Amino acid sequence: MSKLLRANFARIKKDKLFWLGIIFMIGLSAFVTLNTIYENDKYNLSTTIDNIFFGYSVFIGIVSSVFCSVFVGTEYSDGTIRNKIIVENNREAIYLSNLITNSISSIIMFLSYIIVCLAIGVPFIEFFQKEISIVIITLIGTVVMVIAFCSIFTLVSMLIQNKAVSAISCILGVFISLFISIMIVQTLSQSKMWGAYSYTNGDGELVQVDEQENPYYVTGYKRKIYEFFDKFLPTGQSLKYSSMQSEDFVEMSLYSLSTIVVTTAIGLFIFKKKDIK
Amino acid sequence: MEYVLTTNNLTKQYKKFKALDGLTMNVPKGSIYGFVGKNGAGKTTLIRVICGLQQPTNGSYHLYGKENNTKEIVKSRRRMGAVIETPAIYLDMTAKENLEQQYRILGLPNFKGIDDILNLVGLSNTGKKKAKNFSLGMKQRLGIAIALVGDPDFLVLDEPVNGLDPQGIIEIRELILKLNREFQITVLISSHILEELSKLATHYGFIDKGKIVKEISAEELEKDFKTCMRVEVTNMKVLVNLLDQMGVEYEVLDDKKADIFEKVNITSLAVPLSQKGCEILNIQERDESLESYYINLVGGGK
């Protein structure tokens, strides 16, 4: 497998999409950090680095979906996966080397965000308010989350021999998942009760409305399902980590690890038997 | 005789379609084995199976004496290189970068020999040109170059001259002959361009509907070719009557021409025809071609 990894990383160095991903994350980080500095200065705010440091976690899934699907898809479209299989009959090694390459490349992309954020932000923005242990836990959580993303994209792109179809599947999939996670967050953040309020009607009379139950508040097993998917989906985790909500770090990391194990096991099983054209 | 590849009742079934149906063949060491069959006969499927891209449904094959379902087959595959349908090359890399990738995949310690391989296939002057800007012939040659990394002694080429111009076809043919004669590389080449194959192959395997119909060496094939005499006459009826009396195999082409498939003494033909008022306008000896041999073997339309 080391030979395959060596070949993959040599390819990454020349891969335009990899460098585009890094440039995007650097640009994103610079924009977010500079904007925070500007707003702090103009409106006399005191936004700390906590609020922007993990901003990459929402975007890394999207960037990773593009990179992983095209990187692996090119092996099928150019036919070069055939060279690997003919020479290296160990299909597990081929699959795992692609998974490792995808994961490391995606981690390098988000690290480039972090480096720029620190380089520009630390001199001008107040340092972390939260404890460093929380920062480290959140960082580890995002690493596991990114690997979970990559394991899903690797599964899809290793099993679909058409580069365009696998790219569309990965990119659409991550956007759909993100929309679902946003909807889940909005639903779960609904308050149980609508507070009491009063208003003056057309006749000039004061009308009192008592506190009432929010009909959109989800309860019971339905709430449990929403809460599960909020933490299980990598996109749900990305929303939490972006604002450093890492109270459920252990649970979310376990979900990510299970995603990695299950998708990789399925991918290995199917790829091993797959007829390659 | 030593064989590089032997297959034993190899079968490959795709849902309702049987691409290989009990295929048994033997590729002798040092040969250029021409694998002949029409589109959809099973040529590419067989190549995919022996290269490990697909598993056979039934049957087995041996590569350098190692059976396909043993661990040792991996070592045997290291001794082969293959170009299957389209050349497997990274389009965004140069020729040299593509070869460097293959060196890395094989785990070779350095890039020694890359220039020699590029020289051998005639791509040493491509410089920084990316493979996506290569002509089809250049891409084919790069595919062969990649297959040659690691010094294989068995090369599998699936329709290597498809889509090439005459110059490209000549270049590939000369390269294959050089690899076989100078480097003693056994070559399995599949094609449906019979004329080209006839200039290369030392052995033939004719495949039809997933089965080997016949395996034969080029020498034996030459002997097997039917001699044919094409006769043009003024009265076909008279000729036909005479040939029937002589008990000779023939085929009428039109109202003036017929092919006679046995050696016939011309005098014994001309004299009786002349006596019945039939003149011979033209006689030509025509040797059977690989094409007609193949058509007769698998049965085809006119």
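Residues numbered from 1 in each chain as written. Chains lettered and ligands numbered in written order. Predicted model: local features only at pLDDT ≥ 70, side-chain atom pairs only at ≥ 80, totals over all residues.

**Thoughts on the overall build of chain A**
Line of reasoning, step 1. If you tally the helices and strands in chain A, you get eleven helices and four strands.
Line of reasoning, step 2. For the C-alpha atoms alone, the extent of chain A along its principal axes is close to 85 × 45 × 35 Å.
Line of reasoning, step 3. Looking at the 277 residues of chain A, the share that counts as buried comes to 37%.
Line of reasoning, step 4. Of the contacts made within chain A by residues no fewer than 6 positions apart, 81% connect residues no fewer than 24 positions apart. (Helix = DSSP H or I, 4+ residues; strand = E, 2+ residues; numbered from the N terminus. Buried ≥ 20, exposed ≤ 12 C-beta atoms within 10 Å, placed from the backbone. Contact = placed C-beta atoms within 7 Å.)

**Description of the interface of chain A and chain B**
Line of reasoning, step 1. Listed per partner, the contact involves 20 residues of chain A and 23 residues of chain B.
Line of reasoning, step 2. Going through the elements one at a time, helix 1 (2–13) and helix 5 (80–87) of chain A are the ones with two or more residues in the side of chain A that touches chain B.
Line of reasoning, step 3. When residues of the side of chain A that touches chain B are assigned to their parent elements, the largest contribution, seven residues, is made by helix 5 of chain A.

**As for the domain arrangement of chain B**
Residues and elements named next belong to chain B.
Line of reasoning, step 1. Under the domain assignment, chain B is made up of domain 1 (3–223) and domain 2 (225–298).
Line of reasoning, step 2. Domain 1 and domain 2 are separated by 42 Å when their C-alpha centres are compared.
Line of reasoning, step 3. Elements that contribute at least two residues to the side of domain 1 that touches domain 2 include exactly helix 7 (194–198), strand 9 (203–208), strand 10 (211–217) and helix 8 (218–224).
Line of reasoning, step 4. It is helix 7 that provides the largest number of residues to the side of domain 1 that touches domain 2, a total of three residues.
Line of reasoning, step 5. Among the residues making up the side of domain 1 that touches domain 2, the classes are represented as six nonpolar, one polar and three charged. (Domains from an automatic or database assignment. Nonpolar A, V, L, I, M, F, W, Y, C, P; charged D, E, K, R; others polar.)

**Structural notes on the sheet that holds strand 4 (residues 58–63) of chain B**
All names here are of chain B.
Line of reasoning, step 1. The four strands lie next to each other as 2-1-4-5, forming an open sheet whose pairing is antiparallel. The two strands at the open ends of the sheet, each matched to only one other strand, are strand 2 (17–28) and strand 5 (66–67).
Line of reasoning, step 2. The pairing of strand 4 with strand 5 spans two bridges and is antiparallel. If you follow His62 over to strand 5, its bridge partner there is Glu67. (Pairing = 2+ DSSP bridges.)

**What to know about the packing of helix 4 (residues 56–77) of chain A against helix 7 (residues 132–159) of chain A**
Residue and element names in this part refer to chain A.
Line of reasoning, step 1. Closest axis-to-axis distance for the helix 4/helix 7 pair is 9 Å, and the angle between their directions is 30°. Relative to helix 7, helix 4 is oriented so that their crossing is right-handed. On helix 7, the residues that touch Ser57, Ile60, Gly61, Ser64, Ser65, Cys68, Ser69, Val72 and Gly73 of helix 4 are Thr142, Met145, Val146, Phe149, Cys150, Phe153, Thr154, Val156, Ser157 and Met158.
Line of reasoning, step 2. For the contact of helix 4 with helix 7, the per-class residue count stands at ten nonpolar, nine polar and no charged. (Axes fitted to C-alpha atoms, helices over the stretch in contact; angles between N-to-C directions. Left-handed = near helix turned anticlockwise from the far one by under 90°.)

**Things to note about unusual backbone geometry**
Residues and elements named next belong to chain B.
Line of reasoning, step 1. The phi angle at Glu85 is positive, at roughly 55°, despite the residue not being glycine.
Line of reasoning, step 2. Examined against the element boundaries, Glu85 turns out to sit in the loop between strand 6 (80–83) and helix 3 (95–106).
Line of reasoning, step 3. Even without glycine at this site, Asp151 takes up a positive phi of about 50°.
Line of reasoning, step 4. Here Asp151 shows up in the loop between helix 5 (136–148) and strand 7 (154–158).
Line of reasoning, step 5. Looking at Asp151, the number of C-beta atoms within 10 Å reads 13, which means it is partly exposed.

**What to know about the sheet that holds strand 10 of chain B**
All names here are of chain B.
Line of reasoning, step 1. With respect to topology, six strands assemble into an open sheet ordered 6-7-8-3-9-10, the strand pairing being mixed. Each edge of the open sheet carries a strand with a single partner, namely strand 6 and strand 10. Pairwise comparison of adjacent strand axes, ignoring direction, gives a mean angle of 15° for this sheet.
Line of reasoning, step 2. As paired elements, strand 3 (residues 32–36) and strand 8 (residues 186–191) share five bridges and run parallel to each other. Bridging across to strand 8, Gly34 finds its partner in Ile189.

**Topic: the environment of His203(B)**
All names here are of chain B.
Line of reasoning, step 1. Along the chain, His203 falls in strand 9.
Line of reasoning, step 2. In this structure the C-alpha to C-alpha distance between His203 and Glu220, which are 17 residues apart in sequence, comes to 9.1 Å.
Line of reasoning, step 3. Setting aside residues no more than four positions away along its own chain, His203 makes contact with Pro28, Ser31, Tyr33, Gly34, Ser217 and Ala218.

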